[in-house]
Structures are given as C-alpha cells and as structure tokens.
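Residues per chain are reported as follows:
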Amino acid sequence: MTRTFDAIIIGTGQAGPPLAGRLTRSGMTVAVIERKSFGGTCVNTGCIPTKTLVASAEAAWFARRANDFGVEVCGQVSVDMKKVKARKDAVSAKSRVGLETWLKTMSGCTVFEGHARFESAREVRVGEELLSAPRIFINAGGRAIVPDMPGLDTVGYLTNSSMMEVDFLPRHLAIIGGSYVSL
Ligand SMILES: Cc1cc2nc3c(=O)[nH]c(=O)nc-3n(C[C@H](O)[C@H](O)[C@H](O)COP(=O)(O)OP(=O)(O)OC[C@H]3O[C@@H](n4cnc5c(N)ncnc54)[C@H](O)[C@@H]3O)c2cc1C
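Scoring rules and cut-offs
- Residues numbered from 1 in each chain as written.
- Predicted model: local features only at pLDDT ≥ 70, side-chain atom pairs only at ≥ 80, totals over all residues.
- Heavy atoms only, no water.
- Axes fitted to C-alpha atoms, helices over the stretch in contact; angles between N-to-C directions.
- Helix = DSSP H or I, 4+ residues; strand = E, 2+ residues; numbered from the N terminus.
- Parallel < 35°, antiparallel > 145°, perpendicular 65-115°, else oblique.
- Left-handed = near helix turned anticlockwise from the far one by under 90°.
- Contact = heavy atoms within 4.5 Å.
- Nonpolar A, V, L, I, M, F, W, Y, C, P; charged D, E, K, R; others polar.
- Pairing = 2+ DSSP bridges.

Colleague: Please give an account of the packing of helix H1 (residues 16-25) against helix H4 (residues 81-105) that cites residues and values.
Modeller: Relative orientation of the contacting elements H1 and H4 amounts to 25°, with a least axis distance of 11 Å. The orientation of H1 with respect to H4, classified from their angle, is roughly parallel. The two elements H1 and H4 meet at a crossing, and its hand is left-handed. Each of Pro17, Pro18, Ala20 and Gly21 in H1 lies in contact with H4, whose residues at this interface are Leu99, Trp102 and Leu103. When grouped by side-chain class, the residues that make up the contact of H1 with H4 number 6 nonpolar, 1 polar and no charged.

Structure below.
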C-alpha cells in the first residue's frame, strides 16, 4: 500500500529538518527519510566533531603556554586522546539525538529510517514502504571520495568519516589536498 504525504524529504542534513519544520507548520504532512545518522555530515563527521577536537587542541595549547599568561600549571600537560574522542562523541550525540527527537515528535512529520530509492517521479521506496508525494526534496548531501591515486590502496588512509574513530595521536599524518577541510 502506498502512503501519501504532501511532501517527502530525503536526508536529514542541513536543510531537511528545518524544511520539515516549516512545511508541517504550514499544515502539510511530511515524510522524512534518513538512512544513517540524523544530522548528516555536519553533526556526525564534519563541522561539530572536528571543531570539538579543535577545542581540545586549543585547551592543550593554552595549558602548555599558561606561563606566558602568568598562570602556573604544576607538572606536565598531557593529552588523553581517548577522553578527547569521548568528549567529541558526546557533543555529536547530543546534537544527533536532539535532532532525531525533534523530528520524531514533530506534529505532521513521519520519520522513516532506511535508504530512499525513487520508483517514479512522485514515489520513493524505503524498505517495504512505498511513499508518494507531489513534492520531493533531496537533501542527500556529500560523502568522502577516495581519489584513484597509485599506491593509495596499499597504505592505510583515513577520510573525514573514518578519522572520527581515531582515539590515539597518530605519529605521522600526511594530508592530501589543501581545501578548507584539510586546512
Ligand atoms: C571534516 C569536515 C568539516 C567541516 N566543517 C565545517 C564547518 O566548520 N562549517 C561549515 O559550515 N561546514 C563545514 N563542513 C561542511 C558541512 O559539513 C557540509 O557542507 C554540510 O554538512 C552538508 O550538508 P548537507 O545537508 O548538504 O548534507 P549531509 O549533511 O551530508 O546530509 C545528507 C544526509 O542524507 C542522508 N542520505 C543520503 N542519501 C540518502 C538516501 N538515499 N536515503 C536516505 N538518506 C540519505 C545521509 O545519511 C545524510 O544524513 C565540514 C565538512 C567536513 C567533511
């Protein structure tokens, strides 16, 4: 059986959730589909976790230079990367769970968890469910591309997603590419 909505939103990155809020407030029924982590890149593998890691690095930087500011730190300053990662995970989880709860309790909004596939211009399948709407918004975002570089497949490498699992300080780190994420 097909379930009909006024609008379908695929993906819960930057635009999907606020759009769902706007549409439901104007009286529309909305289906929101997410296949992985609520909040997408920014919340889970982009802005928020990386800036949380930067904040830990900044705290270590200040602690090591405390003397320059007239503050005495007794003993050596060391960094516990497992705690740094745990803090990063907790900050991301707070945003992710907050967003998921907001969508799931939003009046007029139905959340479907799974991979969305188009069956026609107005129909989208998520697992066993077939959804239909006159308006379908795609907020399917981006993901890391591993470039086709000779030898890359023979060495270990990280992307912005797999790097989120690192809970130790790498002895060496080569960054390929000089765009804003690597900077
Ligand atoms: C390391 C890093 C750091 C960054 N730092 C910053 C920063 O500090 N400031 C800043 O402004 N920007 C930053 N960015 C960029 C920012 O994260 C992205 O521009 C933004 O998150 C993209 O949002 P989006 O909504 O387009 O897509 P996404 O956030 O990627 O959301 C897409 C969502 O759609 C879902 N999805 C995809 N396909 C389907 C499907 N078929 N069915 C169901 N669901 C699907 C995905 O699971 C995902 O949840 C950073 C990016 C990276 C990688």
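Colleague: A description of the sheet that holds strand S4 (residues 109-113) should follow, citing residues and the corresponding values.
Modeller: Strand order in the open sheet made by the 4 strands is S4-S3-S2-S8, with parallel pairing throughout. With one partner strand each, in any of the chains shown, S4 and strand S8 (135-138) form the two edges of the open sheet. Each strand of the sheet is rotated relative to its neighbour by a mean of 15°, with strand direction disregarded. In this structure, strand S3 (residues 30-34) lies alongside S4, joined through 5 bridges in parallel fashion. Bridge assignment links valine 32 to a residue of S4, and that residue is valine 111. Lying over the sheet, H1 contacts strand S2 (7-10), S3, S4 and S8, oriented at roughly 170° with respect to S2.

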